[in-house]
Number of protein chains: 2
Amino acid sequence: MKPIKVGLLGIGTVGSGTFNVLKRNQLEITRRAGRSIEIAMVADLNVERARELTNGECEVVNDANLVVSNPDIDIVIELIGGYGIAKDLVMKAIANGKHVVTANKALLATHGNEIFKAAEEKGVMVAFEAAVAGGIPIIKALREGLTANRIQWIAGIINGTTNFILSEMRDKGLDFATVLKQAQELGYAEADPTFDIEGVDAAHKATIMASIAYGIPMQFDKAHVEGITKLQASDIRYAEELGYRIKLLGISKRTEDGIELRVHPTLIPEKRLIANVEGAMNAVLVHGDAVGATLYYGKGAGSEPTASAVIADLVDITRLATADPEHRVPYLAFQSNSLSDLPVLPMAEIVTSYYLRMHVADKPGVLADVTRILADLTISIDAMLQKEPAEGETQTDIIILTHQTKEKNIVAAIEKIEKLDSVFGEVTKLRLEELS
Amino acid sequence: MKPIKVGLLGIGTVGSGTFNVLKRNQLEITRRAGRSIEIAMVADLNVERARELTNGECEVVNDANLVVSNPDIDIVIELIGGYGIAKDLVMKAIANGKHVVTANKALLATHGNEIFKAAEEKGVMVAFEAAVAGGIPIIKALREGLTANRIQWIAGIINGTTNFILSEMRDKGLDFATVLKQAQELGYAEADPTFDIEGVDAAHKATIMASIAYGIPMQFDKAHVEGITKLQASDIRYAEELGYRIKLLGISKRTEDGIELRVHPTLIPEKRLIANVEGAMNAVLVHGDAVGATLYYGKGAGSEPTASAVIADLVDITRLATADPEHRVPYLAFQSNSLSDLPVLPMAEIVTSYYLRMHVADKPGVLADVTRILADLTISIDAMLQKEPAEGETQTDIIILTHQTKEKNIVAAIEKIEKLDSVFGEVTKLRLEELS
């Protein structure tokens, strides 16, 4: 059978990884796919470099339009990133009847619904294993491996940069700014790290996973997005004293009223496997009603790990290219005509446990005032830590872990606590998940 | 579209889980599969109980032949177990043009090649996610998620009973026999636990994973199978002192000369996530050349976790039933005409590190004799632990961890060490894997 022809848009880190792995493992991959997979055309603005990377083994152009309109190309891999040009090219490729593989989580989380609709109309596949957690086949697990289950919740360490920073902060007791600078020097954080450290990247990925887990359209605009920039070294230390680690989690949860979809620093019990995922590694915990908790762990970024996911999609498409379009695996795991309109809940309505840190006067009655406020809002306390004031100080920290309550109750409690004369400054609020 | 009709052979623990989950999540599963999946017929020797479990919602028969020959049945689920009747029925179902889903690792590991050949000739699918690691979608990860990779090695905790026993032995410092008895009382071990504790069950699963990871035929007869029955509480304790945990691992490894395929108790560094997989849980670590290490964790047994895997296979088949047979996912991940004849290596040729425990006279020169024997065989030492003799004793234990060497070298060394006058009894040999 003749090779399936692939056009590659963008040959940077992931693109060159894809080219190299396809070449190195060509025999192995063909034995699996039943047909040779060949990158026939590469588009990159830096034509010189693209020619070097591909050793003259395929056509190199600087205009990506030439790839998506080339009638010989069966599959287009989009590795340009962003929402602008990438979207245009993906839509054109689909319009031209090409299957699409993309690692672009930002594009899918924000314009996925439109893209999948266009693809369905043309009867082509859009595959995106590389968009979430790099080389970990988590999309496949959710979309195909766990189809028996009502997925109840997902909690993932899905951004390597922030997990590296949090691991270093804990290991070395350093503050956020210091570690960020080191991470940038080591290449673990980009020059402009905003998307990572503010949680946007993790929210794109959590949005995609929620969509295929619960069968809802992509709704990135409804996600709660909170990064790690305000996290104090002291919070990491206090959490540890209480038996918890702090991780930036992408969380989604099915409740009777709707779907929780949120990214924020989260305390999790140190005994959980996922609490021990260190450095730039990724891990996703998925809880289904039949299977219970399952965990998927691996490298979430990098040239070849991400290429591993891109190529898995190529093999899938090659294997399934002959299936009736309506009997292929649906883009969002659920058939497009049976997506759910279960709403994404506003943050005020989510239910979780909380870590509260407050700076207070070291005198009688403070704790009574604080606990009274919590009790009045029916928030019960799970654990408490009161630090001795430092030598000569008259102020100290109180840390409280609550049982589950609605976010709006905690917000109301904090507003009242901050008005107490004996409480100084803002109350720090972090969310806590038992993940059991 | 009319429902896809399923016939269920055997409604025990997994069968009733499958029936219940399919019913409970019917809506969710249909939304995913695009078509209703209906258990239309159940065969079980205990007809009365089967009728009760299925609430009169489907036909119940006591003769499984009536199911596999029923022209209305599209997919047969085989949950009988064993090699005898189960094999006959699977072959008949295939001959009658039915797709087959099975959780039967023993059957596949020993007769898989014959079954897959028959299925290919008839153009039907045989799916077996439930045969390895229960609800963890590890077959899908290996067969589809990691297709870009040359898989280099797999190491899995794939038998919950033995992992439960080892966890208890370590936690409570108890010996094997005591914990086995407790495990039987708690229902974690069967009345006849031979297949579990002797490593046979893990070897069936390791055989299946090796086959789809490296593209080789099933070769259970070539697997090295070693259980945990001889493990001493002292070995677990010494391993811990040296920073290791002992787990029963199913290991396969690709080398230039062939495939290593072995099940045995294994020391692994306590820092690895997989070393912290406790109780009856399962976890599989897969190392691919592009993706690096990935880990898959979850429940490896039980009614609904295993049903989760069975139903995922049903959904896969339902989605793909219309694909050209030659473009479906191949049974063994690789196309059947391109399996490799890479041999499974005899144990003498495997390469790994070792833990040696020997009981010796507490006098000068013993260690010199032992280390000389190792050096002569070019076995280098990584770590050593020499215990003080107990009060009034003149004998003591020496524990040696070696660097990597061929098994035949260690066997030769042990033979010489056991002949030393100052060494008493047999030398205990355990294998050690860094899994890095």
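Residues numbered from 1 in each chain as written. Chains lettered and ligands numbered in written order. Predicted model: local features only at pLDDT ≥ 70, side-chain atom pairs only at ≥ 80, totals over all residues. Heavy atoms only, no water.

**Q** What exactly am I supposed to notice about the overall build of chain A here?
**A** Secondary structure assignment for chain A yields 15 helices and 17 strands. Against the compact-globule benchmark of 22 Å for 436 residues, chain A has a radius of gyration of 24 Å, which places it among compact chains. Out of the 436 residues in chain A, the part that is buried amounts to 61%. Averaging the positions of the 45 positive and the 59 negative side-chain charges in chain A gives two centres separated by 4 Å. (Helix = DSSP H or I, 4+ residues; strand = E, 2+ residues; numbered from the N terminus. Rg over C-alpha atoms; globule rule 2.2 N^0.38 Å. Buried < 20%, exposed > 50% of the residue type's maximum accessible area, 1.4 Å probe, protein only. Lys, Arg positive; Asp, Glu negative; His and termini not counted. Charge placed at Lys NZ, Arg CZ, Asp CG, Glu CD.)

**Q** Quick question: what am I supposed to make of the UniProt feature "domain: ACT" (unreviewed entry) in chain A here?
**A** On the UniProt side, "domain: ACT" (unreviewed entry) is annotated at positions that read residues 355–435 of chain A here. The annotated region residues 355–435 of chain A carries 30% helix and 41% strand content, and the separation between its end C-alpha atoms amounts to 15 Å. (UniProt positions renumbered as here; feature names shortened; annotations may be inferred.)

**Q** Explanation requested: the interface of chain B and chain A in the structure shown.
**A** Interface size is commonly expressed as the accessible area that is lost once the parts come together. Every contact between the two is made by 64 residues of chain B and, on the other side, 64 residues of chain A. In total, about 5,300 Å² of surface goes out of reach between chain B and chain A, with carbon and sulfur atoms giving 52% of it. The three residues of chain B that bury the most area against chain A are B:Arg31, B:Arg32 and B:Arg319, which together make up 16% of that side's buried surface. Linking chain B with chain A are eight salt bridges. Here A:Lys140 makes a salt bridge to B:Glu144, at a shortest N to O gap of 2.7 Å. Counting the contacts that link chain B with chain A gives 32 residue pairs in polar contact (both at pLDDT 80 or more). (Contact = heavy atoms within 4.5 Å. Buried area = accessible area lost by both parts, 1.4 Å probe. Salt bridge = Lys/Arg side-chain N within 4 Å of Asp/Glu carboxyl O. Polar contact = N/O pair within 3.5 Å; in protein donor to acceptor, adjacent residues only side chain to side chain.)

**Q** What's the story with the UniProt feature "binding site: NADPH" (unreviewed entry) in chain A in this structure? I'm lost.
**A** Residue and element names in this part refer to chain A. According to UniProt, the "binding site: NADPH" (unreviewed entry) feature falls on Lys105. Along the chain, Lys105 falls in helix α6 (residues 105–122). In this structure, Lys105 is in contact with Ala131, Asp201, His204, Lys205 and Ile208, ignoring residues within four places of it in sequence.

**Q** Mind showing me how you'd approach the domain arrangement of chain A here?
**A** Structurally, chain A comprises domain 1 (4–137 + 303–338), domain 2 (140–299) and domain 3 (351–432). The straight-line distance from the C-alpha centre of domain 1 of chain A to that of domain 3 of chain A is 51 Å. (Domains from an automatic or database assignment.)

**Q** I'm lost on the packing of aromatic side chains in this one. Help?
**A** Each aromatic ring pair is characterised by the separation of its centres together with the angle its planes make. Residue and element names in this part refer to chain A. Per the stated rule, a full pass over the model turns up seven aromatic pairs over all chains. Consider the rings of Phe116 and Tyr331, whose centres lie 5.3 Å apart with planes at 20°: the pair is stacked. Of this pair, Phe116 sits in helix α6 while Tyr331 sits in the loop between α13 (303–320) and β13 (351–361), placing them 215 residues apart in sequence. According to the relative accessible area criterion, Phe116 is buried, its value standing at 5%. Aromatic pair Phe164 and Tyr188: ring centres 4.1 Å apart, planes at 20°, arrangement stacked. Residue Phe164 is found in helix α8 (residues 160–172), and its partner Tyr188 is found in the loop between α9 (176–186) and α10 (194–197); the two are separated by 24 residues along the sequence. In this structure Tyr188 comes out as partly exposed when scored by relative accessible area, which is 39%. Ring pairs connect the aromatic residues Phe116, Phe128 and Tyr331, which therefore count as one cluster. (Phe/Tyr/Trp six-rings, centres within 6.5 Å; stacked < 30°, edge-to-face > 60°.)

**Q** Got a minute to help me understand empty space enclosed by the protein in this structure?
**A** One way to see where empty space is left: roll a probe the size of a water molecule over the atoms. Enumeration according to the criterion identifies six cavities of 30 Å³ or more in this entry. Taken as a whole, the largest cavity spans an internal volume of roughly 150 Å³. Every residue lining the largest cavity is counted, 13 residues in all, and those nearest its centre are A:Met125, A:Val126, A:Ala127, A:Arg143 and A:Val329. Of all the secondary-structure elements, those providing two or more residues to the lining of the largest cavity are β6 (126–127), α7 (138–145) and α13 of chain A. As for the second largest cavity, its lining consists of A:Lys140, A:Glu144, A:Asp316, A:Arg319, A:Leu320, A:Val329, B:Lys140, B:Glu144, B:Asp316, B:Leu320 and B:Val329. Listing elements by their share of the lining of the second largest cavity, those giving two or more residues are α7 and α13 of chain A together with α7 (138–145) and α13 (303–320) of chain B. Of the residues contributing to the lining of the second largest cavity, the split by class is four nonpolar, no polar and seven charged. (1 Å grid on protein atoms, 1.4 Å probe; cavity = no way out; pocket = protein on both sides within 12 Å on 5 of 7 lines; lining within 4 Å. Points joined across faces, edges and corners; volume = space filled by probe spheres on them. Nonpolar A, V, L, I, M, F, W, Y, C, P; charged D, E, K, R; others polar.)

**Q** Looking at this model, I keep getting lost on the sheet that holds strand β1 (residues 4–9) of chain B. Mind explaining?
**A** All names here are of chain B. Spatially, six strands are ordered β3-β2-β1-β4-β5-β6 in an open sheet, and the strand pairing comes out parallel. The two strands at the open ends of the sheet, each matched to only one other strand, are β3 (59–61) and β6 (126–127). Across three bridges, the pairing between strand β2 (residues 37–43) and β3 is parallel. Along β3, the bridge assignment pairs Met41 with Glu59. Those strands touched by α13 are β1, β2, β4 (75–78), β5 (99–102) and β6, and its axis lies near 160° from that of β5. (Pairing = 2+ DSSP bridges. Axes fitted to C-alpha atoms, helices over the stretch in contact; angles between N-to-C directions.)

**Q** Could you clarify how one ought to interpret the sheet that holds β6(A) in this entry?
**A** Where strands meet in a sheet, backbone hydrogen bonds hold them as pairs that are either parallel or antiparallel. Residues and elements named next belong to chain A. The strand order across the open sheet built from six strands is β3-β2-β1-β4-β5-β6, with neighbouring strands paired in parallel fashion. Only two strands of the sheet have a single partner each, and these edge strands are β3 (59–61) and β6. Here strand β1 (residues 4–9) pairs with strand β4 (residues 75–78) via four bridges, running parallel. Looking at β4, one finds that Val6 is bridged to Ile75.

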